[in-house]
Amino acid sequence: MNLPELSSLLSEKKLDVVENAVKDALLDPEANGELLLAAFRGLARASGQKGRLQNLATLADATLKGPGTSPESNRLRWALLKEAVRAGATPSTQDGFHKHFEEAIRLAYPDSPSLTTLLGRFRFREAKEPVDGLARMERAEKWLTFEVGRCFFMAGRGAGKVVEMNFALDAVRVDFEKSVGVSIPIGVAAKSLTPLPDGHFLHQKLTSREALGALVLSDPSEGLRRLLDSFGRPLALADVKEAVAGLVPEERWTSWWTAARKNAHVVLHGSGKSATVEWTHTTEAADAAILAKFEKAHTPEARLDFYRKNSKRDPVLASRMAAKLAEDAREVRATNVSLAYELAVAAEKVEGVSLGFAPEELVPDSPLPMLGHIEDRLSRERFLEGLLSSRPQDGPRLVAEWFFREEDARTLDLIDRRLAEVDPPTREATLDKLLKSPRSGPKAFLWFGLRAAQDESFRARLTPTVLGRLLDAASWEDLGGGRAKIRELFDRTGMAAAWLVKQATLEDAQQFLQALDRHNDLEPHRRAALFSAAEMRFPDLRKGGDENFFVTEEALEGKKMELEKLAHVDIPENTKGLALARAEGDLSENFEYQARKQRQQDLDVRVARLQEELRKARVLDPATVDTTEVRPGTRVILRLLGGTRAVTLLGPWDSRPEADVYSYLADVSKGLLGRKVGDRVSFLGDEGLIDSIEVWKQA
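Residues numbered from 1 in each chain as written. Predicted model: local features only at pLDDT ≥ 70, side-chain atom pairs only at ≥ 80, totals over all residues. Heavy atoms only, no water.

1. Section: the overall build of the protein
- Looking only at helices and strands, the protein has 33 helices and 15 strands in total.
- Whereas a compact globule of 699 residues would reach a radius of gyration of roughly 27 Å, the protein reaches 39 Å, over 25% beyond that.
- The principal-axis extents of the C-alpha atoms in the protein amount to approximately 120 × 70 × 45 Å.
- Of all 699 residues assigned to the protein, the portion counted as buried reaches 44%.
- Surface accessibility of the protein: about 36,400 Å² in total, with carbon and sulfur atoms responsible for 50%. (Helix = DSSP H or I, 4+ residues; strand = E, 2+ residues; numbered from the N terminus. Rg over C-alpha atoms; globule rule 2.2 N^0.38 Å. Buried < 20%, exposed > 50% of the residue type's maximum accessible area, 1.4 Å probe, protein only. Areas by Shrake-Rupley, 256 points an atom, 1.4 Å probe, with all protein chains shown as cover.)

Below, the structure is given as structure tokens:
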């Protein structure tokens, strides 16, 4: 009999047939556990069937408690007993319900160390009636799952171990990897905590961390297999990384994952944040799954991405996928030449695949717009190599032009190396342009700074001016995370300190420290370290001179307003938020508190810095500006080879280079200060004469 048939019998009130079905099911109770439970519940709902249910419960109890019964039979016996007792049909026994119930629950939970304590806690022996006794026992039973030492998984928190059962608060306390002592109400725990069996990867991570960590690091593929087998399903790549966190150091994650995914049983689906990882138990199954996924892809772009991830698994698999990519390349050649190029480059590498044309045939006379649409780094590098080999007249120029648009450091390395080989003058001109106009290639300028930290030939190109521009770049929004890398160049043991100690002259050091003084965004500890490095090289070096500086009245008022806002709006608001965050407790894991505390420190530093700068600031008075020579507050008309240019020199707070307004303290202004009408000058690489000098025009 099956469950639908049983449901029909109960609804038709054919209870004699139901009784016989129960007796038949007891001949093989483990195979018919669901049917027996459903029958007991149905009889409990039927009116006037208490006697029938009691007789069946007694029979079931006797059948399931015999010698040699399995754990499954013991758990079924306890479940049927509870159904009968709730219906008021407690099985007959000579020993009384206390002994009967205790025997049944102990067999259902044979490994529970806290059962006796829990039964005493809820005063089971004081129950007068079976229903009351069952209620007390079920209160104890709900805690059995969450005994101290048991391991669970909770969405959003990961794996954790129970460290306390708090009956007063009706909650369990769990230590998770990233947060300890988390109190979870017992009702929430029953819904939110998933038990981790002994062999589960996350269970081992909590109980045998050192041994599991050694295995995971020594055999990445085996570690990945154990993880995926534990869950029995594909996992998001982000979940894989989270699961091995603490076993695989953060700095080794990329190399670990690269090694783990090389196993032929690993199948990666999708890309980016949506990527999932699957473990197939035969390589044939893995290849079949990959090919099926490849064939279901709806666009050439998706197929190309899938090919790149999986083409190295098997030559036959690669050939079948590459043949389709070649077909795609021919189809999109007329409509999407950049995509056709990438498809062709991928397909031509596979032996036996007929493409019908060479990728270079797709390159137009004006190639850089097409190159801008090629996303794959290796395809771009193939494109650039093609320009150098097929167009010796203008190829180096085109590659040098692309240099300023390239964003991948590896491709920038290639361009620099190849230009040095085929056209050294073009390479020199490219680097000179980069250092004079770093905004023409922000990512290339970041690349240069990082190369200078490693390569002495690049470090030899450093000057105070270049270092000042690197300081500027630390605040460029378009560099994103690269800004942190630039700041690291100015660490105590970074590139700038090495330059100061090994390469800079006294004049270089003085110019650099003046530039450093004007870059208040660099952290105080880095600034202090650089000043120390300079003084180590030049013991007599002092900042010296008049520390006051000129600013316009408008700029001064702007800084005063900034200070006012910091002191009366930002700091009080953050102080209030800090107090609220502190009240939440557990400051070690309170990220809001930590963030507020750091912001408070930053605000205090900014206020102190502004107060010091305001103390040094002196307002430029147009009425007192002497125009017999170039000085702060003057507007200079330059007659240069490239044309006439009007340049205004004001204070560091007024600088707007895009409007030709420069700080008189900036390196670019030094060649003008003190000069007179008719003097020959050089300005931003252009030569010419000073045509006139006048007082700057106020806004």
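2. Re the packing of helix H5 (residues 71-86) against helix H6 (residues 97-108)
- Two elements in contact, H5 and H6, have axes whose closest approach is 7 Å; the angle formed by their N-to-C orientations is 140°. Here H5 is positioned oblique relative to H6, judged by the angle of their axes. The element H5 and its partner H6 pack so that their crossing is left-handed. Residues Asn74, Arg75, Arg77, Trp78, Leu81 and Val85 of H5 pack against His100, Phe101, Glu103, Ala104, Ile105, Leu107 and Ala108 of H6.
- The class makeup of the residues in the contact of H5 with H6 is 8 nonpolar, 2 polar and 3 charged. (Axes fitted to C-alpha atoms, helices over the stretch in contact; angles between N-to-C directions. Parallel < 35°, antiparallel > 145°, perpendicular 65-115°, else oblique. Left-handed = near helix turned anticlockwise from the far one by under 90°. Contact = heavy atoms within 4.5 Å. Nonpolar A, V, L, I, M, F, W, Y, C, P; charged D, E, K, R; others polar.)

3. Here's the deal with the sheet that holds strand S4 (residues 182-185)
- Read from one edge to the other, the open sheet built from 5 strands follows the order S4-S3-S2-S1-S5, with strand pairing classed as antiparallel. One side of each edge strand has no neighbouring strand; the edge strands of this open sheet are S4 and strand S5 (194-195).
- Bridge count for strand S3 (residues 171-176) against S4 is 4 bridges, and the pairing is antiparallel. Each residue of the ladder has a partner; that of Arg173, found in S4, is Ser183. (Pairing = 2+ DSSP bridges.)

4. Structural notes on the pairing of strand S15 (residues 686-695)
- Of the pairings in the sheet, the one linking strand S11 (residues 634-640) to S15 comprises 7 bridges and is antiparallel in character. Residue pairing for S15: Arg639 is matched across the bridge by Leu689.
- Bridge count between strand S14 (residues 680-683) and S15: 4 bridges; the pairing is antiparallel. Within S15, the position partnered with Val681 by the bridge is Gly688.
- The turn joining S14 and S15, which pair antiparallel and follow one another in sequence, is formed by 2 residues; a positive phi near 50° is taken by Leu684.

5. Here's the deal with helix H4 (residues 50-64)
- Compared with the 21 Å implied by 1.5 Å per residue over 15 residues, the 21 Å span of H4 between its first and last C-alpha is a close match.
- Residues of H4 that are buried make contact with helix H2 (15-25), helix H3 (33-45), H5 and H6. (Expected span 1.5 Å × (residues − 1).)

6. Some details on the pairing of strand S12 (residues 643-650)
- Summarising the sheet, S11 and S12 pair through 7 bridges and their orientation is antiparallel. Each residue of the ladder has a partner; that of Arg635, found in S12, is Thr648.
- Taken together, S11 and the strand that follows it, S12, pair antiparallel across an intervening segment of 2 residues.
- Here 3 bridges tie S12 to strand S13 (residues 661-663), and the two strands are oriented parallel to one another. If you follow Leu650 over to S13, its bridge partner there is Ser663.

7. Some remarks on the packing of aromatic side chains
- This model, assessed by the stated rule, comprises 19 aromatic pairs.
- Each ring, one from Phe550 and one from Tyr664, has its centre 6.1 Å from the other, and the planes form 55°; the classification is tilted. Placement of Phe550 in strand S9 (residues 549-551) and of Tyr664 in the loop between S13 and helix H33 (667-670) is noted, with a sequence separation of 114 residues between them.
- Since its relative accessible area comes to 36%, Phe550 is described here as partly exposed.
- Classification of Tyr664 by relative accessible area gives buried; the value is 10%.
- Through successive ring pairs, a cluster of aromatic residues spans Phe403, Phe404, Trp447, Phe448 and Phe458.
- Note that Arg333 overlies the ring of Phe357, its terminal NZ or CZ placed 4.4 Å from the centroid.
- When the ring centre of Phe404 is taken as reference, the NZ or CZ atom of Lys433 above it lies at 4.6 Å. (Phe/Tyr/Trp six-rings, centres within 6.5 Å; stacked < 30°, edge-to-face > 60°. Lys NZ or Arg CZ within 6 Å of the ring centre and 35° of its normal.)

8. Side note on the sheet that holds S11
- Across the sheet, which stays open at both edges, the 5 strands sit in the order S13-S12-S11-S15-S14 with mixed pairing between neighbours. Two strands bound the open sheet, and with one partner strand each, they are S13 and S14. Adjacent strand axes in the sheet meet at a mean angle of 45° when their direction is disregarded.

9. Structural notes on the environment of Gly149
- Locating Gly149 in the fold gives a position in the loop between helix H8 (130-144) and strand S1 (151-154).
- With 416 residues separating them in the primary sequence, Gly149 and Lys565 have C-alpha atoms 53 Å apart.
- Among residues more than four places away in sequence, those in contact with Gly149 are Lys161 and Val162.

10. Some words on the side chain of Thr634
- Among the secondary structure elements, Thr634 is positioned in strand S11.
- Residue Thr634 is classed as buried on the basis of its relative accessible area, which comes to 0%.
- A polar contact of 2.6 Å, which involves the side chain of Thr634, links it to the backbone oxygen of Arg631.
- Apart from residues lying up to four places away in sequence, Thr634 is in contact with Val625, Asp626, Glu629, Val647, Thr648, Leu649, Ile693, Glu694 and Trp696. (Polar contact = N/O pair within 3.5 Å; in protein donor to acceptor, adjacent residues only side chain to side chain.)

11. With respect to the pattern of salt bridges
- Scanning all chains against the criterion turns up 64 salt bridges.
- Residue Arg52 pairs with Glu19 through a salt bridge whose shortest N-O separation is 2.5 Å. Of this pair, Arg52 sits in helix H4 while Glu19 sits in helix H2, and the two are 33 residues apart along the sequence.
- Residue Glu19 is classed as buried on the basis of its relative accessible area, which comes to 18%.
- The salt bridge involving Glu562 is made with Lys559; its shortest N-O contact spans 3.8 Å. (Salt bridge = Lys/Arg side-chain N within 4 Å of Asp/Glu carboxyl O.)

12. Quick notes on helix H11 (residues 209-218)
- Among the residues of H11, those classed as buried are Leu212, Gly213 and Val216. Axial view of H11: buried residues confined to an arc of 100°, hence all on one face. Exposed residues lying more than 90 degrees from the buried face of H11 are Glu210, Ala211 and Ser218.
- Looking at the buried side of H11, the elements it contacts are helix H10 (201-207), helix H12 (220-231) and helix H14 (253-261). (Arc of directions from axis to C-beta.)

13. Section: the side chain of His98
- Here His98 shows up in helix H6.
- The residues contacting His98, other than those within four sequence positions of it, are Phe124, Arg125 and Ala127.

14. Concerning the nonpolar core
- Residues Phe403, Phe448, Leu467, Phe490, Leu500, Phe512 and Leu530 are the most contacted members of the largest nonpolar core, which totals 83 residues.
- A per-element tally of this core places helix H18 (residues 337-348) first, with 8 residues.
- Leu500 has contacts with Ala509, Phe512, Leu530, Ala533, Ala534, Arg537 and Phe538, leaving out every residue within four places of it along the chain. (Core = buried A, V, L, I, M, F, W, Y, C linked by side-chain atoms within 4.5 Å.)

15. Brief notes about the environment of Asp328
- Assignment of secondary structure puts Asp328 in helix H17 (residues 315-332).
- When its relative accessible area of 1% is taken as the criterion, Asp328 is described as buried.
- Sequence separation of Asp328 and Leu339 is 11 residues, and the distance between their C-alpha atoms is 9.3 Å.
- For Asp328, the contacting residues outside a window of four places in its chain are Pro300, Arg303 and Leu343.

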